[in-house]
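These are the residues of each chain, in order.
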Amino acid sequence: MSGEHPATAHGALSVPRVANSREQSEGARGRPHLPKIDSATAETILVEALSQVGYYAHAVGLQASRLTPTRQEPVWSRDFIPDAILMAYALRGLLRAADLVQRLSGAPSASRAITTFKRAVPNITVARDVLAHFDEYLLGTGRNREAPNFHVHLKYDGKRTFLYVDPWSIEVQRAGRAAGKLMMKLWLDTDVQLAAGVLKG
């Protein structure tokens, strides 16, 4: 790590943009319809959905750790962009798994936990969508007009790492913490456990 402050060496941090409600809900088109299923099947699916919550939360935590700099390994170079992209995909997977848990369990507390997570880590859906359709944005045909050009980069302000999918950003360390909290809230939620058959009412 050079003596120059990374925030100076690589450009000052711009104010992160937060996606509006329309952008936040762009992924709703891919939300699968919940068919009519018997309670035993619902329990089985719910247990697997909880497993997916754990897998994706763990994946987010691993990438957050890799994207946290050390004295020997700064993280604002292009070498770490693959980790940041994987984190964005893992965050979106976590959100989808958590949403399925909430829909199957019907737990109001699960819905609140997801809302808290989205507030802590905004821009997940829109960032993942831009990354997934990078070819359209490179060609200038991307659906979201607020991202006319495809530009992915990392910035570090001396304490925090940010993934920028311009003009949106995700704070990496905060996302890692929020993912772990969401996982634990869903796993330990009494209503969710009852719906999954872990607890008997």
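Here, residues in each chain are numbered from 1, in the same order as that chain's written sequence. The predicted nature of this model means local features are confined to residues of pLDDT at least 70 and side-chain atom pairs, given and counted, to a pLDDT of 80 or more, with totals for whole chains, interfaces and linings taken over all residues. Side-chain descriptors were evaluated using all non-hydrogen atoms of the structure, hydrogens and water having been removed beforehand.

Here we look at the sheet that holds strand E2 (residues 161–165)
Strand pairing is assigned whenever DSSP detects at least two bridges linking the two strands. Where helices and strands are cited, they refer to DSSP runs of H or I of at least four residues and of E of at least two residues respectively, numbered from the N terminus. The three strands are arranged E1-E2-E3 in an open sheet whose pairing can be described as antiparallel. Each edge of the sheet is formed by a strand with only one pairing partner; in this case those strands are strand E1 (152–156) and strand E3 (168–171). Put simply, the sheet's adjacent strands are angled 25 degrees from each other on average, direction ignored. In the sheet, E2 pairs with E3 via four bridges, with the strands oriented antiparallel. Lines fitted to the C-alpha atoms define the axes, with helices restricted to the stretch that makes contact. Angles between their N-to-C directions range from 0 to 180 degrees.

Some words on the confidence of the model for the protein chain
The predicted coordinates ought not to be read in detail in places where the model reports low pLDDT. When pLDDT is averaged along the protein chain, the result is 82, and 80% of the positions lie at 70 or above. For every residue, the predictor assigns a confidence score, pLDDT, that lies between 0 and 100. Least confident of the elements in the protein chain is helix H1 (residues 6–9), whose mean pLDDT is 32; most confident is helix H8 (residues 172–188), at 97. Note on contacts: a residue pair is in contact if any heavy atoms of the two residues lie within 4.5 Å. In the predicted structure, residues 1–18 sits below a pLDDT of 50 and forms 34 contacts with residues beyond four places in sequence or in another chain. In the model, residues 21–28 has pLDDT below 50 throughout and makes 20 contacts with residues more than four positions away in sequence or in other chains.

A short note on the packing of helix H4 (residues 81–105) against helix H6 (residues 124–132)
Relative orientation of the contacting elements H4 and H6 amounts to 125 degrees, with a least axis distance of 9 Å. Comparing their axes, H6 and H4 come out oblique. The two elements H4 and H6 meet at a crossing, and its hand is left-handed. Along the contact surface, H4 presents Ile85, Ala88, Tyr89, Leu91, Arg92 and Leu95, while H6 presents Ile124, Thr125, Arg128, Leu131 and Ala132. Charged residues are taken to be Asp, Glu, Lys and Arg, nonpolar residues to be Ala, Val, Leu, Ile, Met, Phe, Trp, Tyr, Cys and Pro, and polar residues to be all remaining types, Gly included. Along the lines of polarity and charge, the residues of the contact of H4 with H6 split into eight nonpolar, one polar and two charged. Oblique is the label for any angle not under 35 degrees, not over 145, and not in the 65 to 115 range, which are roughly parallel, roughly antiparallel and roughly perpendicular in turn. Each crossing gets its hand from how the near helix is turned against the far one by less than a right angle, where anticlockwise is left-handed and clockwise is right-handed.

Some remarks on the pattern of salt bridges
Salt bridges are counted wherever a side-chain nitrogen of Lys or Arg sits within 4 Å of a carboxyl oxygen of Asp or Glu. Under the defined criterion, the tally for this structure stands at five salt bridges. Between Arg128 and Asp129 there is a salt bridge whose closest N-O contact spans 2.6 Å. We note a salt bridge from Arg160 to Glu171, for which the minimum N-O separation is 3.7 Å. Separated by eleven residues along the polypeptide, Arg160 in the loop between E1 and E2 and Glu171 in strand E3 bring together distant segments of the chain. Salt bridges here are not isolated pairs; linked through shared partners, they connect Asp157, Arg160 and Glu171.

Considerations on the nonpolar core
Throughout, nonpolar core names a set of buried Ala, Val, Leu, Ile, Met, Phe, Trp, Tyr and Cys residues whose side chains join them through atoms within 4.5 Å. Type-normalised accessible area, obtained with a 1.4 Å probe on protein chains alone, sets the label of each residue: buried when under 20%, exposed when over 50%, and partly exposed for intermediate values. Grouped together as the largest cluster of nonpolar side chains are 49 residues, with contacts concentrated most on Met87, Leu91, Val101, Phe117, Val121, Leu182 and Leu186. Only helix H3 (39–66), H4, helix H5 (108–120), H6, E1, E2, E3 and H8 provide two or more residues apiece to this core. In terms of residue count, H4 provides more of this core than any other element does, twelve residues in total. Aside from chain neighbours lying at most four places away, what touches Val101 is Leu46, Ala49, Leu50, Val53, Gly106, Leu186 and Val192.

Regarding unusual backbone geometry
Note the cis peptide between Asp166 and Pro167, where omega equals 10 degrees. In this fold, Pro167 is placed in the loop between E2 and E3. Residue Asn123 is not a glycine yet carries a positive backbone phi of 75 degrees. For Asn123, the position within the fold is in the loop between H5 and H6. When its relative accessible area of 1% is taken as the criterion, Asn123 is described as buried.

Points about the packing of aromatic side chains
Both the distance between ring centres and the angle between the ring planes are used here to describe each pair of aromatic rings. Working definition: a ring pair exists when centres of Phe, Tyr or Trp rings (six-membered ring for Trp) sit within 6.5 Å. Plane angles under 30 degrees give stacked, over 60 give edge-to-face, the rest tilted. Counted under the stated rule, the structure contains two aromatic pairs. Aromatic side chains Phe162 and Tyr164 sit 6.2 Å apart centroid to centroid with 45 degrees between the ring planes, which places their arrangement in the tilted category. For the pair Phe162 and Tyr164, a shared accessibility class is recorded, and that class is buried. The ring of Tyr164 is capped by Lys155, whose NZ or CZ atom sits 5.6 Å from the centre of that ring. Lysine and arginine charges are scored as sitting over a ring when NZ or CZ, respectively, is within 6 Å of the ring centre and within 35 degrees of the ring normal.

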